[in-house]
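Chain and residue survey
Chain by chain, the residues:
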Amino acid sequence: MIKLRNIHKSFGGQPVLRGIDLRIEKGEVVVILGASGSGKSTLLRCMNLLETPDRGEIILNGQPLGKPARDGARRYDDRDLQALREKTGMVFQQFNLFPHLTVERNITVAQTHILRRSASEAKSIAEHYLAKVGLADKATSLPTQLSGGQQQRVAIARALAMKPELMLFDEATSALDPELVGEVLNTIKGLRDEGMTMAIVTHELGFAWHVADRIVFLRDGKIYEQGTPDEILLRPSLPHTQRFLASHT
Ligand code: ADP
Ligand code: MG
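Residues numbered from 1 in each chain as written. Chains lettered and ligands numbered in written order. Predicted model: local features only at pLDDT ≥ 70, side-chain atom pairs only at ≥ 80, totals over all residues.

Below, the discussion takes up the overall build of the protein. Helix and strand content of the protein: nine helices and 12 strands. In summary, the protein has a C-alpha radius of gyration of 18 Å against a globular reference of 18 Å for 249 residues, a match within 12%. Over its C-alpha atoms, taken along the principal directions, the protein stretches across nearly 50 × 45 × 30 Å. Here the protein, with 249 residues, has 38% of them falling under the buried criterion. Considering only contacts in the protein between residues 6 or more positions apart, those separated by 24 or more positions represent 62%. (Helix = DSSP H or I, 4+ residues; strand = E, 2+ residues; numbered from the N terminus. Rg over C-alpha atoms; globule rule 2.2 N^0.38 Å. Buried ≥ 20, exposed ≤ 12 C-beta atoms within 10 Å, placed from the backbone. Contact = placed C-beta atoms within 7 Å.)

Quick look at the confidence of the model for the protein now. Of all residues in the protein, 100% have pLDDT values of 70 or greater, and the mean over the chain is 96. Reported for the predicted complex are a pTM of 0.96 and an ipTM of 0.98. (pLDDT = per-residue confidence, 0-100.)

With respect to the helices and strands, Pro99 occurs in the loop between β8 (88–91) and α3 (103–113). Overall, Pro99 belongs to the exposed group, with 9 C-beta atoms counted inside 10 Å. Separated by 43 residues in the primary sequence, Pro99 and Leu142 have C-alpha atoms spaced 6.9 Å apart. Look past the residues within four positions of Pro99 in its chain and what remains in contact with it is Pro143 and Thr144.

What follows is about the site of ligand 1. With respect to spatial proximity, the complete set of residues near ligand 1 consists of Phe11, Val16, Gly34, Ser36, Gly37, Ser38, Gly39, Lys40, Ser41 and Thr42. Class assignment of the residues belonging to the shell around ligand 1 gives a composition of two nonpolar, seven polar and one charged. (Near = placed C-beta within 6 Å. Nonpolar A, V, L, I, M, F, W, Y, C, P; charged D, E, K, R; others polar.)

The strand order across the open sheet built from six strands is β8-β9-β10-β3-β11-β12, with neighbouring strands paired in mixed fashion. At either end of the open sheet lies a strand with only one pairing partner, and these are β8 and β12 (222–227). Each neighbouring strand pair of the sheet contributes to a mean axis angle of 20°, computed without reference to strand direction. Alignment of strand β3 (residues 29–34) against strand β11 (residues 214–219), held across five bridges, turns out to be parallel. If you follow Gly34 over to β11, its bridge partner there is Leu218. Against the sheet, helix α1 (residues 40–47) contacts β3, β8, β9 (166–170), β10 (197–201) and β11, and its axis sits at roughly 155° relative to β10. (Pairing = 2+ DSSP bridges. Axes fitted to C-alpha atoms, helices over the stretch in contact; angles between N-to-C directions.)

The next point concerns the pairing of strand β2 (residues 14–24). Pairing analysis gives eight bridges linking strand β1 (residues 2–11) to β2, with the strands arranged antiparallel. Across the sheet, Phe11 pairs through a bridge with Gln14, a residue of β2.

Here we come to the UniProt feature "domain: ABC transporter" (unreviewed entry) in the protein. Mapped onto this numbering, the UniProt entry gives "domain: ABC transporter" (unreviewed entry) at residues 2–245. Strand forms 27% of residues 2–245 and helix 38%; the C-alpha atoms that close the span are 28 Å apart. (UniProt positions renumbered as here; feature names shortened; annotations may be inferred.)

A separate point is the packing of α3 against helix α5 (residues 148–160). How two helices pack is summed up by the angle between their axes together with the distance between the axes. At a minimum axis distance of 9 Å, the contact between α3 and α5 shows a crossing angle of 25°. Comparing the axis directions of α3 and α5 gives the class roughly parallel. Relative to α5, α3 is oriented so that their crossing is right-handed. Of α5, the residues touching α3 (which contributes Val103, Asn106 and Ile107) are Val154, Ala157 and Arg158. Each residue belonging to the contact of α3 with α5 can be placed in one class, and the counts come to four nonpolar, one polar and one charged. (Parallel < 35°, antiparallel > 145°, perpendicular 65-115°, else oblique. Left-handed = near helix turned anticlockwise from the far one by under 90°.)

Written out as structure tokens, the structure is:
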């Protein structure tokens with residue numbers, strides 16, 4: 001579905017991604033692990049061009065995005081951004097809901113403004129995905145009236161309402177009280193069971209083991225080790241993977 005080839009990204013001369021090659025098949029769930037600062041968020045953000053890679057290619061359904069520019073960089077125009085953003089949904093650690101809009105409006109606003117769906121179609125799609133995340137009764141609530149776990153499920157419903165082919169989750173449960181983590185993880189597991197293609201950054205190793213087809217361990221902006229959940233979580237072969245796991249269990 002999406003392929004990254006030799007992706008590099010620096011901030012202020014500081015390399016953060018140093019040649020990432022990653023391919024995610026349709027229906028595949030890839031979990032990205034790594035220490036804080038290893039480049040996980042930057043990698044996800046490059047996958048939907050929230051960050052522009054300095055070098056390397058993003059190939060979407062066989063089609064390289066952008067046009068070649070200087071030094072192995074590529075230039076992306078609005079059409080590339082739109083092609084990618086229409087196909088990807090992202091869920092962040094902070095839920096980023098509009099605080100002054102009802103739950104339902106949070107889910108319809110991008111549908112009507114970006115996808116030009118009619119108000120009634122957007123509303124019925126919002127209802128569908130709210131029901132799916134178990135919040136059918138919260139359509140008229142404001143985000144502040146919901147728990148953190150419920151707000152995050154609204155954020156997931158909002159992303160799904162755009163009917164993405166790829167969902168990106170960046171530490172979606174890290175801001176939640178421990179007792180609210182499970183409901184969000186279960187929602188993500190439900191998506192997996194329906195065949196959604198996903199790239200997930202998480203520190204929840206038990207969840208990673210259940211949900212991942214493949215686990216990628218990032219270190220210093222490179223893929224350091226990757227494999228099946230069993231290979232990475234139960235029998236990691238490299239020292240920094242072993243050390244990371246020891247400090248997270
Ligand atoms: P992770 O998600 O694995 O913790 P990040 O991708 O957020 O790692 O960050 C990797 C490194 O890049 C960190 O040193 C961070 O400070 C730096 N970084 C990330 N985004 C920016 C930015 N927009 N501007 C400057 N530095 C950044
Ligand atoms: Mg991060």
